[in-house]
Amino acid sequence: MKDKLKIFCCGSNCDLTQDIADVLGLDVSPLKISRFSNDNLSVQIQENVRERDVFVVQSLTTPVSEHLMEMLITMDALRSASAGRITAVIPYYSYARSDKKDAPRISITARLIADLLKTAGADRVLTMDLHSAQVHGFFSMPVDHLTAISTIADYMKNKANKENMIVVATDAGGAKRAGRFAEKLDAPIAIIDKRRLSDTEVAQGEVVGNVRGKDAVIFDDEIATGSTILETIKTLRKAGVGKIYVSAVHAVLCGEAAGRLKEAEVEEVIVTNTVAIPEEKKLSNMVILSVAPLMAEAMRRIHTGESVGALFPH
Ligand code: R5P
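Reading guide: rules and limits
- Residues numbered from 1 in each chain as written.
- Predicted model: local features only at pLDDT ≥ 70, side-chain atom pairs only at ≥ 80, totals over all residues.
- Heavy atoms only, no water.
- Disulfide = S-S within 2.5 Å.
- Buried < 20%, exposed > 50% of the residue type's maximum accessible area, 1.4 Å probe, protein only.
- Near = heavy atom within 4 Å.
- Polar contact = N/O pair within 3.5 Å; in protein donor to acceptor, adjacent residues only side chain to side chain.
- Areas by Shrake-Rupley, 256 points an atom, 1.4 Å probe, with all protein chains shown as cover.
- Pairing = 2+ DSSP bridges.
- Helix = DSSP H or I, 4+ residues; strand = E, 2+ residues; numbered from the N terminus.

A. Focus on the state of the cysteines. Within this structure, the stated rule accounts for one disulfide. Bridging cysteine 9 to cysteine 14, the disulfide has an S-S length of 2.4 Å. A torsion of -90° about the S-S bond marks the disulfide between cysteine 9 and cysteine 14 as left-handed. Note on cysteine 9: relative accessible area 11%, which makes it buried. Left unpaired, cysteine 10 is separated from the closest cysteine sulfur, that of cysteine 9, by 6.9 Å. Judged by its relative accessible area of 2%, cysteine 10 falls in the buried class.

B. Fine view of the site of the ligand. The environment of the ligand is formed by 14 residues, the closest being Asp220, Asp221, Thr225, Gly226 and Thr228. In the environment of the ligand, an oxygen atom lies 2.8 Å from a nitrogen or oxygen atom belonging to the backbone of alanine 224. Contact between the ligand and threonine 228: an oxygen atom at 2.5 Å from a side-chain N or O atom of the residue. The protein chains hide 94% of the 370 Å² of surface that the ligand would expose on its own.

C. Focus on the pairing of strand 11 (residues 202-208). Taken together, the five bridges between strand 10 (residues 189-196) and strand 11 define a ladder with antiparallel strand orientation. Paired with isoleucine 191 across the strands is valine 208, a residue of strand 11. From the end of strand 10 to the start of strand 11, which pair antiparallel, there are five residues.

D. Local environment of unusual backbone geometry. Of note, the amide linkage connecting threonine 62 to proline 63 takes the cis form, showing an omega dihedral of -5°. As for its position among the elements, proline 63 is in the loop between strand 5 (53-57) and helix 2 (64-80). In the Ramachandran plot, aspartate 186 falls in the positive-phi region, its phi being about 55° despite a non-glycine side chain. Of note, glutamate 265 is a non-glycine position whose phi angle comes to about 50°, a positive value. Note that glutamate 265 resides in the loop between helix 7 (257-263) and strand 14 (268-272). Of the residues examined, glutamate 265 reaches a relative accessible area of 65% and is grouped as exposed.

So yeah, pure geometry; function would need other evidence.
What follows is the structure, encoded as structure tokens:
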């Protein structure tokens, strides 16, 4: 495997890339990203990739356009260098919320990005916890869609008071995902009625389910501005909940999200490392679980032609 499989890091999540490479016992292969004086990006692959099975890791985090361009140019360079197969490894797929035409004259950008990846040379995609399942269908190439549900559930299983837990979905859209998480914990589920007022504001109504006196584990795909989580915490406290744990796969944490979460004084904020979290946004009660073992195993299986689905038995 050592010479046949190659991993490249595009720059947005090098710690995770290194962790994946460590699990696989490989080195991260070198590439050079630079910028011409006219602000154009340039990428040079710094070792031979001819006929190799190449994985390019890039989380589409802020600055999103920049990171996307880095990835597209890297894949184009790999294709020109005669790579045998290119897998775009996207632990966090941004734009997944732009997955429908819910206003006039807008772009379904999640599909556009899928097309761009293909045009740039991706033969397949490996990603994790897409905002909505339908985004998977936007790709006209194989997609392995992993989930960190078990990673987070396994952590929560070891918490005290498991018998008193209730899993909370922040809105109806996330109920299926939270339901699968609740199943792993053998816990009941409550769902909150949420309406998004704007990019940064949400409003919540009734809690469907009995949360009074229970320890709530909020489960969501991502924390972006933190509005959804903050509103959920408020709603749950009003409903007489006991302890509150916040969990989400992608810690996007835009703007003041980390500060707002700190003020919310919950037991723990459990996230994964699909997004590289800057030091100043790490909270003292934040638990960052690594998805590197799961991603590495999926990459190994893709390389050897074993089932990736078998990683997620029902
Ligand atoms: C929404 O549908 C998602 O599941 C998340 O709840 C949302 O993306 C979080 O965004 P924010 O933190 O900005 O409320």
